[in-house]
Amino acid sequence: MPADTTSAGPGGSVGPGGSVGPRTSRPTVEGPSLAVLVQRLTLTPPDVLDPGVHVPALVGDAVDLLALSVPGWWQLDAHARTALDRTCGAGAPVASRAGAGIAVWLVRAPELTRLPHLREAAPDGPAAWFLAVVEALAHDLAPVRDPQTWISSPEGREEAARAFLRAAGLRPAGESDAVAEDRWSAVSTVEQRRVDREMAEEVRRSEELAKALAAKRAAEAAAQYANY
């Protein structure tokens, strides 16, 4: 397969700035069980979180290994490598680099590379797929939940595992698309913060309406008093 030159992945579109857009409504492919990825997170090597580790090199190593499991498919072109340097290179935030490193660790899970329908989850090719996964964990999740908790906390492990599968166009084994999305919404820090913002905005609007009604009633009462 020729080197991939697209920039949109199954977890969303990768824009010019490298950001991951909204997830598409395309049905997902059944992936490994959630328990498998959660367990793998507990086994994350310490060097993945080492601030001094060169994460793009980890990505390159992962691609080399994946190329052995799916011959002729795993290739990253110059565009993809440039995007990875921008996402998780030396100039990226520490949390983003840690998130990208953990994403690579999960991509290398044997249960993932042995999936018979993995290519179906990456119709735009491996470069776009890999970028979408790394971007989702490095830029979407890492800034709102410390990657250290993806390893140490049960809640963090579930959120990281579900974020990874979602960005990869996969769903946990045994779950339907609807169930996977509902459970993602229940554990997603980003989603919870969005709901909190919407509730706060609703409260603010209600308070403003109450104040406006109170002011109107006061004005009407004053007008009636003035007419006596």
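Scope of this entry: the structure provided in the associated data block. (Residues numbered from 1 in each chain as written. Predicted model: local features only at pLDDT ≥ 70, side-chain atom pairs only at ≥ 80, totals over all residues. Heavy atoms only, no water.)

Our next topic: the side chain of Ser-96. As for its position among the elements, Ser-96 is in helix 4 (residues 94–107). Sequence-distant contacts of Ser-96, defined by excluding residues within four places in its chain, comprise Thr-87, Ala-138, His-139 and Ala-142. (Helix = DSSP H or I, 4+ residues; strand = E, 2+ residues; numbered from the N terminus. Contact = heavy atoms within 4.5 Å.)

This part covers the packing of helix 8 (residues 154–167) against helix 9 (residues 177–187). Where helix 8 meets helix 9, the closest approach of the two axes is 10 Å, and the angle between their N-to-C directions is 135°. One way to sum up the angle between helix 8 and helix 9 is to call them oblique. Here helix 8 and helix 9 pass one another in a crossing that is left-handed. When helix 8 is examined against helix 9, the residues Glu-158, Glu-159, Arg-162, Ala-163 and Arg-166 are found in contact with a partner set consisting of Ala-180, Glu-181, Arg-183, Trp-184 and Val-187. (Axes fitted to C-alpha atoms, helices over the stretch in contact; angles between N-to-C directions. Parallel < 35°, antiparallel > 145°, perpendicular 65-115°, else oblique. Left-handed = near helix turned anticlockwise from the far one by under 90°.)

Our next topic: the pattern of salt bridges. As enumerated under the stated definition, the model contains seven salt bridges in all. Its salt-bridge partner being Arg-162, residue Glu-158 comes within 3.0 Å of it at the nearest N-O pair. Remark: Arg-162 and Glu-158 occur in helix 8; sequence separation between them is four residues, near one turn of the helix. By relative accessible area, Glu-158 is classed as partly exposed at 25%. (Salt bridge = Lys/Arg side-chain N within 4 Å of Asp/Glu carboxyl O. Buried < 20%, exposed > 50% of the residue type's maximum accessible area, 1.4 Å probe, protein only.)

Right, let's talk about the packing of aromatic side chains for a bit. Under the counting rule described, the total for this entry stands at one aromatic pair. Between Trp-129 and Phe-130 the ring centres are 6.5 Å apart and the planes differ by 70°, which places this aromatic pair in the edge-to-face class. Its relative accessible area of 0% is what places Trp-129 among the buried residues. When the ring centre of Trp-105 is taken as reference, the NZ or CZ atom of Arg-40 above it lies at 3.6 Å. (Phe/Tyr/Trp six-rings, centres within 6.5 Å; stacked < 30°, edge-to-face > 60°. Lys NZ or Arg CZ within 6 Å of the ring centre and 35° of its normal.)

On to the side chain of Thr-44, then. Mapping Thr-44 onto the fold places it in the loop between helix 1 (34–42) and helix 2 (55–69). Within the local environment of Thr-44, its side chain forms a polar contact with the backbone oxygen of Leu-41, the two atoms lying 2.7 Å apart. Apart from residues lying up to four places away in sequence, Thr-44 is in contact with Ile-102, Trp-105 and Ile-151. (Polar contact = N/O pair within 3.5 Å; in protein donor to acceptor, adjacent residues only side chain to side chain.)

For the rest of this paragraph, the subject is helix 1. For helix 1, every residue scored as buried is listed here: Leu-34, Leu-37, Arg-40 and Leu-41. The buried side chains of helix 1 occupy one side of the element, clustering within an arc of 130° when seen end-on. The elements touched by buried residues of helix 1 are helix 4, helix 5 (110–113), helix 7 (149–152) and helix 8. (Arc of directions from axis to C-beta.)

Counting 53 residues, the largest nonpolar core has Ile-102, Leu-112, Trp-129, Phe-130, Leu-137, Phe-164 and Leu-170 as the members making the most contacts within it. Counting residues per element, the ones that place at least two in this core are helix 1, helix 2, helix 3 (78–88), helix 4, helix 6 (126–141), helix 7, helix 8 and helix 9. Among the elements that line this core, the one with the most residues is helix 6, at ten residues. Each residue touching Leu-137, except ones within four places of it in the same chain, is listed here: Gly-99, Ala-103, Leu-106, Ala-142, Trp-150, Ala-163 and Phe-164. (Core = buried A, V, L, I, M, F, W, Y, C linked by side-chain atoms within 4.5 Å.)

The next subject is helix 3. Note: α-helices contain 3.6 residues per turn, so residues at a spacing of three or four share the same orientation. Regarding helix 3, the residues found buried are Ala-80, Ala-83, Leu-84, Thr-87 and Cys-88. Take helix 3 and look down its axis: the buried residues cluster within an arc of 100°, on one side only.

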